[in-house]
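Chain by chain, the residues:
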Amino acid sequence: MDEVQRAPGLLNEVHRQISERGVRFALLGSSARKLKTAGTNLLAGRALRKAMHPLTPAELGDDFDLDEALRFGTIPIVWTATDRRAVLESYTQLYLREEIRAEAAVRNLGSFVRFLPPAALMHAQTVNAASLARDAGIARTTVNGYLEILSDTLLTTQLPAFEARLRVRERRRPKLYWADPGLVRAVKRQLGPVAAEERGPLLEGWVLGNLRAHNEHQHLYDDIGYWAATESPTEVDFILTRDREHLAIEVKAAERYNTTMLKGLRAIADLPGLARRVLAYRGRRSFRTEDGIDVWTLDDLHRALQAGELWP
């Protein structure tokens, strides 16, 4: 059953069919928001929740192209289109307007549409509701509600700050990430070749998407966050936690390696339970530094994810 959130009453019958006849269902939908607010039967204990992510390099195989992925994203309907730009623009406009309108998620669709471009500009940055409210010309409380809508409709995720407690003041606000690079660029109405200033945030968000997609099936981690010091630009993009151990990943869009890329990874060297530190970049050479940091090409990161060998 597709778009099940549009007919929440069906779930009572689904529940009965599961309990009495052992029937198996695949229930798909782009948002559980309407189901939650309606007090619907959510099949607790009788259903497994799985998320469907944009396509990964492992799924695309020889068809994968990083530049195309960062420019248009890898949502299946967009990736397989002859004219990716046109389909992405249509998909974004249809989804953001019609789906949100159909769920009656917002009373003022105009203010929500004004809010979207500033929210896209905040991709891979710490959430600043006051700044978003000012840029969109709406109340801060409204911004918080709109951010919740983006999360409930699977368009964005908020990555929490990891508290390493390393004798420095640490950032605590979450970071905002859109689910797909193409969505970010379409909402910004910026679908030409990827500009240099876009590449870093887009790549960072795309790696997060791949981590989440592989974790859905391989259980790579129990929790994920980012770490940053407040008094300096020192940060680590992703801290993965599993069984009291941590794995730190820093992502860089540069094609040439230099030691300044390791600043964040070196700053958390004393984190208890730190099992591995990884720098993933767009270069062609993988190696290990003298202080034990693994420097990987993006291809090596993909292979480690596909093989389930991210941890040492």
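Whatever comes next refers back to the structure up there.
Below you will find a few notes about this structure. (Residues numbered from 1 in each chain as written. Predicted model: local features only at pLDDT ≥ 70, side-chain atom pairs only at ≥ 80, totals over all residues. Heavy atoms only, no water.)

Looking at the overall build of the protein chain
Secondary structure assignment for the protein chain yields 13 helices and nine strands. Since a compact globule built from 312 residues should have a radius of gyration of about 20 Å, the 21 Å found for the protein chain is in line with a globular shape. Along the first, second and third principal axes, the C-alpha set of the protein chain runs to 60 × 50 × 45 Å. Per-residue burial for the protein chain yields a buried fraction of 47% across its 312 residues. Put simply, 61% of the contacts in the protein chain that link residues at least 6 apart link residues at least 24 apart. Only carbon and sulfur atoms are counted for the fraction: they give 46% of the accessible area of the protein chain, which is about 16600 Å². Charge separation in the protein chain, taken as the distance between the mean sites of 44 positive and 41 negative side-chain charges, equals 5 Å. (Helix = DSSP H or I, 4+ residues; strand = E, 2+ residues; numbered from the N terminus. Rg over C-alpha atoms; globule rule 2.2 N^0.38 Å. Buried < 20%, exposed > 50% of the residue type's maximum accessible area, 1.4 Å probe, protein only. Contact = heavy atoms within 4.5 Å. Areas by Shrake-Rupley, 256 points an atom, 1.4 Å probe, with all protein chains shown as cover. Lys, Arg positive; Asp, Glu negative; His and termini not counted. Charge placed at Lys NZ, Arg CZ, Asp CG, Glu CD.)

What about the packing of aromatic side chains?
Both the distance between ring centres and the angle between the ring planes are used here to describe each pair of aromatic rings. Under the defined criterion, the tally for this structure stands at six aromatic pairs. An aromatic cluster is built from Phe112, Phe115 and Tyr146, whose rings are joined through pairwise contacts. The ring of Trp79 carries the charged tip of Arg84 above its face, separated from the ring centre by 4.1 Å. Cation over ring: Lys175 sits above Tyr226, and NZ or CZ is 5.0 Å from the ring centre. (Phe/Tyr/Trp six-rings, centres within 6.5 Å; stacked < 30°, edge-to-face > 60°. Lys NZ or Arg CZ within 6 Å of the ring centre and 35° of its normal.)

Examining the sheet that holds strand S5 (residues 235–242)
Judged by pairing direction, the sheet is mixed, and its six strands sit side by side in the order S4-S5-S6-S7-S9-S8 without closing on themselves. Unpaired on one side and paired on the other, strand S4 (223–228) and strand S8 (287–288) mark the two borders of the sheet. Examined bridge by bridge, S4 and S5 share five bridges and lie antiparallel to one another. The residue bridging Asp223 from the neighbouring strand is Thr241, located in S5. Along the sheet face, helix H13 (residues 298–307) touches strand S7 (274–281) and strand S9 (294–297) and points at about 95° away from the line of S9. (Pairing = 2+ DSSP bridges. Axes fitted to C-alpha atoms, helices over the stretch in contact; angles between N-to-C directions.)

Description of a negative patch on the surface
Taken together, Asp222, Asp223, Asp243 and Glu245 make up a surface patch of like negative charges. Relative to the helices and strands, Asp223 is located in strand S4. Take Asp223: its relative accessible area is 47%, and that puts it in the partly exposed class. (Patch = residues over 30% accessible without salt bridge, like charges linked within 9 Å, V, L, I, M, F, W, Y side chains within 5 Å. Salt bridge = Lys/Arg side-chain N within 4 Å of Asp/Glu carboxyl O.)

A word on unusual backbone geometry
One non-glycine residue, Ala124, adopts positive backbone phi at about 70°. Relative to the helices and strands, Ala124 resides in the loop between helix H7 (109–121) and strand S1 (125–126). Located in the positive-phi region is Arg189, a residue other than glycine, with phi close to 60°. Within the secondary structure layout, Arg189 lies in the loop between helix H10 (181–187) and helix H11 (196–218). Exposure remark for Arg189: the relative accessible area of 59% places this residue in the exposed category.

A closer look at the packing of helix H8 (residues 129–136) against helix H9 (residues 140–152)
Each pair of packed helices can be described by the angle between their axes along with the distance between the axes. It is the contact of H8 with H9, at a shortest axis distance of 8 Å, that shows an interaxial angle of 105°. Relative to H9, the element H8 is oriented roughly perpendicular. Along its contact with H8, which presents Ala129, Ala130, Leu132 and Ala133, the element H9 presents Arg140, Val143, Asn144 and Leu147. In terms of residue class, the contact of H8 with H9 is built from six nonpolar, one polar and one charged. (Parallel < 35°, antiparallel > 145°, perpendicular 65-115°, else oblique. Nonpolar A, V, L, I, M, F, W, Y, C, P; charged D, E, K, R; others polar.)

Some thoughts on the pairing of S9
Taking every second residue as pointing to the same face, both faces of S9 are buried, with Asp294 and Trp296 on one and Val295 and Thr297 on the other. Sheet topology places S7 next to S9; four bridges connect them, and they run parallel. By the bridge assignment, Ala280 is partnered in S9 with Trp296. Bridging between S8 and S9 involves two bridges; their strand directions are antiparallel.

Some points on the side chain of Thr92
Inspection of the secondary structure assignment puts Thr92 in helix H6 (residues 84–102). Classification of Thr92 by relative accessible area gives buried; the value is 3%. What Thr92 contacts, discounting residues up to four positions off in sequence, is Leu183, Ala186 and Val187.

Remarks on a nonpolar patch on the surface
Together, Met1, Leu10, Phe25 and Leu27 line one region of the surface with nonpolar side chains, adding up to about 310 Å² of accessible area. As for its position among the elements, Phe25 is in the loop between helix H1 (10–21) and helix H2 (33–37).

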